[in-house]
Amino acid sequence: MKRSILLFQLIFAGLVLMISQTFGQTISQSYEAFPVKKKFVHLPVKTGAPKTWMTVNINGVLQHEFQIELAPGEPDFYATVEVGRWQGKKLVLTAETVTSDSKWLTNVKVADEMSDEALVYKEAYRPQFHFSPRRGWTNDPNGLVYYKGTYHLFFQHNPYGTSWGNMTWGHAVSTDLLHWTEKPDAVLPDKNGVVFSGSGLVDWENTSGLQKNPKKDASGKLANPPLVLFYTSIQADRGKGPAAQSMVYSLDEGKTWKKYPANPVLPNLITDNRDPKVFWYSDRQNPAGPKGGHWVMALYLEGENYALFSSQNLTNWEKMCDIKNLGCSECPDMFELPVDGNSAQTKWVFWGGDGKYLIGTFDGKTFTPEAGPFTTKYGGNDYAAQTYSDIPATDGRRIQFSWMSGGKYPGMPFNQQFTVPRSLTLRTTSEGVRLFIEPAIEIEKLRNSKQANFSANLKGMDNKIKVPGMKGELFDIEILLDFKKFDEKNPLSTDTTNLIYMEIFGQKITYNMGSKIIESAGIKAPLVPVDHQIRIRLIIDRTTVELFANDGIIQIANCFINKDKVPANLSIWGKKDLATVSVKSYQLKSVYSIQPGS
Ligand code: FRU
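Residues numbered from 1 in each chain as written. Predicted model: local features only at pLDDT ≥ 70, side-chain atom pairs only at ≥ 80, totals over all residues. Heavy atoms only, no water.

Trainee: Teacher, can you tell me more about the state of the cysteines here?
Mentor: Two cysteines whose sulfur atoms are joined by a covalent bond form what is called a disulfide. Applying the stated criterion to the full structure yields 0 disulfides. Between Cys331, a cysteine without a disulfide, and Cys328, which holds the nearest cysteine sulfur, the sulfur-to-sulfur distance is 11 Å. The structure places no disulfide on Cys559, whose sulfur is separated from the nearest cysteine sulfur, that of Cys331, by 17 Å. (Disulfide = S-S within 2.5 Å.)

Shown next as structure tokens:
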């Protein structure tokens, strides 16, 4: 009897083995390294493969966990776990659910080099002068802070796949806002959850006391201030947990980042409260007050509601006020700007992630909206913009990056990109004070000599004017439409057949002089001529067209892919004698072909 049971068990076990080998049973498998000697473990990824959770254990302690589409066979690309920070320790990477016939373990590579030096930045749909992550996914720009000649750019990053997830802060640095070098991911998920959006700053006076070894420079200024990043920790993946505000800091000028041990610094207040933007408020009314000001945190609560908090040391926060029903949502930004360049007359801008903004006053405690919400942005590929902290007063600009959300990069080992760096100003218009957003001047450093310098009268709807000399892929184009002569003959014309078309790479831009509407790739925006003129700036990269009009009173950022390799062929046509058209066009260089400063 016993014998027959044993025989049955053996046959059953054999069958299970056969079936699992044939169909691939789901098992847990680990990769181990002891001691860790190399900088990187490269994991094989196949986009669309079943996702597994992978845990990262160091000396038996769970560091973090992420989801990954591990390639069971030939990978599309490699995702990298940066293990250099755990040199000498024991690393165990456990994939919780892989099929027993998966080849992922044999395909793991351990190296001191990235897996794909020969391929990276050479991909078919790689933006040529816009920031895009080396590998994996990005959404919001985070923690934008300038320190000692370096622009730090952190970004919502999925290091292990090309869709949203495993939110981590990637990190890139640049000295010119154009050439970016990726550094190890700066903020990894931990027991408090994954890492959502937030901001960065320099703690010039060491108000946090995080610098235990302060050094003074010749002028008596702190020479080694902490750099501090604020983010939202949230258990977004394995069970939704409370969203709270946390902090990391660097004492080596942004090279390495440490979690503040007593995180979170601001506990959960309401649902998914998030995206802390922290800045120093100088109290001009009361400069003799304690420390001459205080830190302010603008925090998104829910709906269209935000709140402001204050702190003297970056770690203890007190609520100052609620700001409700602002007409914008997510990722707040707050900054003071001179109106028309006059620093004696300033206004505060409150900015929401959806690109809507309000203009008002801020007394250090309460933001009081005076006008808005307005927007400069039309169209979908522009979200969660943030401006730089700590740009020196000698520069004085308010520089912003935005996520070009929703672009498509088929088959690429990276996904999503940012806009060009943009410069923000407040200017008086006939409707009141408004925000203007223009490409930062740095873009002009990429210009080759002028390709087209061309002027003509519109010749009629069926008579396309082809701008001569337009060759290449990357462009910075200025188009001036001058309606002076037409307006003199047809004052206040609202005839909606007064149309002008412009086309480049098959992308159409239309200006309707009757309805005063500009349209780019189907996205419409109101645009009234100033002094009988419409000025259009087009910045064209391999995967994007960004349009800025009349000094940036509106902008339309579009993603597109020139799959059929349509040549540039800039052509312009429209109602006869409606306008004189002048074009100045520069071909732009790829940042991958030139070095910074050259
Ligand atoms: C905006 C946003 C933020 C959040 C982050 C998560 O795009 O939803 O509110 O912090 O993305 O990736």
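Trainee: Honestly, the side chain of His171 in this entry has me stumped. Any pointers?
Mentor: Mapped onto the fold, His171 is located in strand 10 (residues 168–174). Among the polar contacts made by the side chain of His171, one reaches the side chain of His152 at a distance of 2.9 Å. Those residues in contact with His171 that lie beyond four places of it in its chain are His152, Leu153, Phe154, Phe155, Thr181, Glu182, Lys183, Pro184, Asp185, Ala186, Gly254 and Trp257. (Helix = DSSP H or I, 4+ residues; strand = E, 2+ residues; numbered from the N terminus. Polar contact = N/O pair within 3.5 Å; in protein donor to acceptor, adjacent residues only side chain to side chain. Contact = heavy atoms within 4.5 Å.)

Trainee: Help me understand the packing of aromatic side chains, please; the structure alone is not making it clear to me.
Mentor: Working definition: an aromatic ring pair is given by the centre-to-centre distance plus the angle between the planes. For the coordinates displayed, the defined rule picks out 33 aromatic pairs. Ring centres 5.4 Å apart and planes at 80° place the aromatic pair Tyr151 and Tyr388 in the edge-to-face group. Of the two residues, Tyr151 sits in strand 9 (residues 150–158) while Tyr388 sits in the loop between strand 25 (383–387) and strand 26 (399–403), which places them 237 residues apart along the sequence. Here Tyr151 falls in the buried class, since its relative accessible area comes to 5%. The exposure class assigned to Tyr388 is buried, which follows from its relative accessible area of 1%. A ring pair is formed by Phe230 and Trp317, whose centres lie 5.9 Å apart and whose planes are at 90°; its orientation type is edge-to-face. (Phe/Tyr/Trp six-rings, centres within 6.5 Å; stacked < 30°, edge-to-face > 60°. Buried < 20%, exposed > 50% of the residue type's maximum accessible area, 1.4 Å probe, protein only.)

Trainee: Any chance you could explain the domain arrangement of the chain here in plain terms?
Mentor: When the parts of a complex come together, some accessible area is lost, and that lost area is often taken as the interface size. Taken domain by domain, the chain comprises domain 1 (4–111), domain 2 (136–439) and domain 3 (447–588). Taking the mean C-alpha position of each, domain 1 and domain 3 sit 54 Å from one another. (Domains from an automatic or database assignment.)

Trainee: I tried to follow the pairing of strand 17 (residues 293–302) on my own but got confused; where do I start?
Mentor: Each regular strand carries side chains that alternate between the two faces of the sheet. Strand 17 sits mainly inside the fold: 9 of its 10 residues count as buried. Two elements, strand 16 (residues 274–282) and strand 17, share 7 bridges in a ladder whose sense is antiparallel. Opposite Lys277, over in strand 17, you have Ala298 as the bridge partner. Relative to strand 18 (residues 305–311), strand 17 runs antiparallel, the two being bridged by 7 bridges. Within strand 18, the position partnered with Ala298 by the bridge is Leu308. Between strand 17 and strand 18, which pair antiparallel in sequence order, lie 2 residues; one of them, Gly303, sits at a positive phi of approximately 55°. (Pairing = 2+ DSSP bridges.)

Trainee: Which parts of the structure should I look at to understand the pattern of salt bridges?
Mentor: Two side chains that carry opposite charge are able to pair once their charged atoms sit near each other. Taken as a whole and assessed by the stated rule, the structure comprises 29 salt bridges. Across the pair Lys356 and Asp354 runs a salt bridge, and its minimum N-O distance is 3.8 Å. Residue Lys356 is classed as partly exposed on the basis of its relative accessible area, which comes to 32%. By relative accessible area, Asp354 is classed as buried at 16%. With its nearest N and O atoms 2.7 Å apart, the salt bridge here joins Arg397 to Glu442. You can see Arg397 sitting in the loop between strand 25 and strand 26 and its partner Glu442 sitting in the loop between strand 29 (432–439) and strand 30 (447–457), a full 45 residues away along the chain. Given the relative accessible area of 21%, Arg397 is considered partly exposed. In this structure Glu442 comes out as buried when scored by relative accessible area, which is 6%. Each member of the salt-bridge network shares a partner with another, and the members are Asp116, Glu117, Glu123, Arg126, Arg134 and Arg135. (Salt bridge = Lys/Arg side-chain N within 4 Å of Asp/Glu carboxyl O.)

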